[in-house]
Amino acid sequence: MVETLTMVFSLRFSSLSLPPHNTITLYTLPHVPNHRLRSTSNVSPPSSTLLIKHSLCPCAAPTQQQHLLVPEEEEEEEELKCINEAPSLENDSLPPGLRRECMPRHVAVIMDGNRRWARLRDLPVGSGYEAGVKSLKTLIELCCKWGIRVLTVFAFSTDNWFRPKVEVEFLMSLFEGGVKDGMGSSLRENIRISVIGDISKLPKSLEELIINVEESTKNNSQFQLIVAVSYSGRYDLVQACQRIAMKVKDGIIELNDVNESLIEQDLETNCTDFPYPDLLIRTSGELRISNFMLWQLAYTELFFAQSLWPDFGEADFLEALQSFQRRWRRYGE
Ligand SMILES: CC(C)=CCC/C(C)=C/CC/C(C)=C/COP(=O)(O)OP(=O)(O)O
């Protein structure tokens, strides 16, 4: 850290022409060759914040008080991109320690540990899932309040079909209740609900409810909840391959047209403008991806929480976001 800061000062301090009373917030700033600091305004800012492209600030939104570290050759293009993506909420809706310009747009969660939570309390497994729904509601509220655009939750994997029948039925009724309940509130609160996964395997009544809620909330734009049900990353890749193979067979595309962007278009996450989670949280201390969003998580930052999902609350989420904001995202560069 000390080494990094020394490097920052020696490399970059001379680039800033700030009056002596100004404060500079320094995040862990690595040396980035061929990048330079640029002020986004002509006025001397009262205080300055260094925002680092592709690192601690995945969606760096410049304001009059900020400076950006940008690649020299991408400078103009980058500025436009950042402004277009700027979130509209102000910093003061965030708890201290979180920076608006560095918030993840898409958070994904593996809500693990519901059954262990119930067993630890000598409760039936179903109580663990019910407690899990409460945690999910809290998380949705926090995402809306803090300006996160998309939340994807792994609610039921393709492997979960092999759980005891009574447990599967309980979960299905919980989803049904959740979708019915969510339908009313999401319309009021401008929330879009989407489901990814093989919904044809679900009970007919639930499948119809899902189609209905997706349709009636599709124009809601403040926040999108994506529920992964009967889903796995491999399932998603297989169904995308099948769709692409069909297009080749029907002569709609050529084999050579198949590329990353074409695959992205046929993955189930084509339901959102932000298909790649910035942050994945898994609860309960397990350190695995467990066949979740395999393609989409390629450059996602991972956070593993010790709390069981029903215990995961505001303090845990804050810790995950603070950890995310300390990361330097390099995307392999
Ligand atoms: C309406 C709606 C979307 C509701 C979501 C309900 C919910 C919390 C589902 C989680 C299901 C699940 C299989 C979690 C994995 O942990 P586990 O339960 O297998 O826990 P364990 O690792 O302790 O066995």
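Residues numbered from 1 in each chain as written. Predicted model: local features only at pLDDT ≥ 70, side-chain atom pairs only at ≥ 80, totals over all residues. Heavy atoms only, no water.

Engineer: I keep staring at the layout of surface pockets and nothing clicks. Help me out?
Structural biologist: Where empty space is left can be seen by rolling a probe of water-molecule size over the atoms. By volume, the largest pocket is sized at about 1200 Å³. Around the largest pocket, the lining comprises 48 residues; the ones closest to its centre are Met111, Leu136, Val153, Ala155 and Phe175. Secondary structure elements with two or more residues in the lining of the largest pocket: α3 (114-120), α4 (125-146), β6 (150-157), α5 (165-188), β7 (191-196), α6 (204-217) and β8 (223-231). Broken down by element, the lining of the largest pocket gets its largest block of residues, 9 residues, from α5. For the lining of the largest pocket, the residue count by class is 24 nonpolar, 11 polar and 13 charged. (1 Å grid on protein atoms, 1.4 Å probe; cavity = no way out; pocket = protein on both sides within 12 Å on 5 of 7 lines; lining within 4 Å. Points joined across faces, edges and corners; volume = space filled by probe spheres on them. Helix = DSSP H or I, 4+ residues; strand = E, 2+ residues; numbered from the N terminus. Nonpolar A, V, L, I, M, F, W, Y, C, P; charged D, E, K, R; others polar.)

Engineer: For this particular structure, what's the right way to read unusual backbone geometry?
Structural biologist: What is expected of a backbone is that most residues other than glycine have negative phi and most peptide bonds are trans. With phi around 55°, Asp122 is a residue other than glycine that occupies positive phi space. The exposed category is assigned to Asp122, whose relative accessible area is 74%. (Buried < 20%, exposed > 50% of the residue type's maximum accessible area, 1.4 Å probe, protein only.)

Engineer: Just to check I follow, could you spell out the pattern of salt bridges for this structure?
Structural biologist: Two side chains with opposite charge may pair up if their charged atoms get near one another. Inspection of the entire model under this criterion finds 18 salt bridges. Linking Glu167 and Arg163 is a salt bridge whose minimum nitrogen-to-oxygen distance equals 3.4 Å. Using a relative accessible area of 11% as the deciding quantity, one classes Glu167 as buried. One salt-bridge network, held together by shared partners, links Arg105, Asp278, Glu301, Arg327 and Arg329. (Salt bridge = Lys/Arg side-chain N within 4 Å of Asp/Glu carboxyl O.)

Engineer: How should the side chain of Asp316 be read in this particular structure?
Structural biologist: Relative to the elements of secondary structure, Asp316 occurs in helix α9 (residues 314-325). With no salt bridge to any partner, buried Asp316 finds its closest opposite charge in Arg121, at an N-O distance of 11 Å. Side chain to side chain, Asp316 and Ser307 meet in a polar contact 2.8 Å long. Those residues in contact with Asp316 that lie beyond four places of it in its chain are Ser307 and Asp311. (Lys, Arg positive; Asp, Glu negative; His and termini not counted. Polar contact = N/O pair within 3.5 Å; in protein donor to acceptor, adjacent residues only side chain to side chain. Contact = heavy atoms within 4.5 Å.)

Engineer: So what exactly am I meant to see when it comes to the confidence of the model for the chain here?
Structural biologist: Low pLDDT marks stretches whose predicted atomic positions should not be read closely. Mean pLDDT over the chain works out to 80, with 72% of the residues at or above the 70 mark. Below pLDDT 50 for its whole length, residues 1-56 participates in 125 contacts with residues either more than four positions away or in separate chains. Confidence over residues 58-87 falls short of pLDDT 50; this stretch has 82 contacts with residues more than four positions distant or in other chains. The complex model carries a pTM of 0.78, and its ipTM stands at 0.97. (pLDDT = per-residue confidence, 0-100.)

Engineer: Is there a simple way to think about the packing of α4 against α5 in this case?
Structural biologist: If you want to describe how two helices pack, look at the angle between their axes and the distance between the axes. The interhelical angle for the contact between α4 and α5, taken along N-to-C directions, is 25°, at an axis separation of 10 Å. By the angle between their directions, the pair α4 and α5 is classed as roughly parallel. The two elements α4 and α5 meet at a crossing, and its hand is right-handed. Here Val125, Gly126, Tyr129, Glu130, Val133 and Lys137 of α4 lie close against α5, whose contacting residues are Glu167, Phe170, Leu171, Leu174 and Asp181. Here the residues of the contact of α4 with α5 are counted per class, giving 6 nonpolar, 1 polar and 4 charged. (Axes fitted to C-alpha atoms, helices over the stretch in contact; angles between N-to-C directions. Parallel < 35°, antiparallel > 145°, perpendicular 65-115°, else oblique. Left-handed = near helix turned anticlockwise from the far one by under 90°.)

Engineer: Would you mind going over the site of the ligand with me for this structure?
Structural biologist: Around the ligand there are 17 residues in total, and Asp112, Arg115, Arg116, Ala155 and Arg163 lie nearest to it. Between Asn114 and the ligand, the recorded distance is 3.1 Å, taken from a backbone N or O atom to an oxygen atom. Take Arg116: an N or O atom from its side chain is 2.8 Å from an oxygen atom of the ligand. Elements represented by at least two residues in the shell around the ligand include exactly α3, α4 and α5. (Near = heavy atom within 4 Å.)

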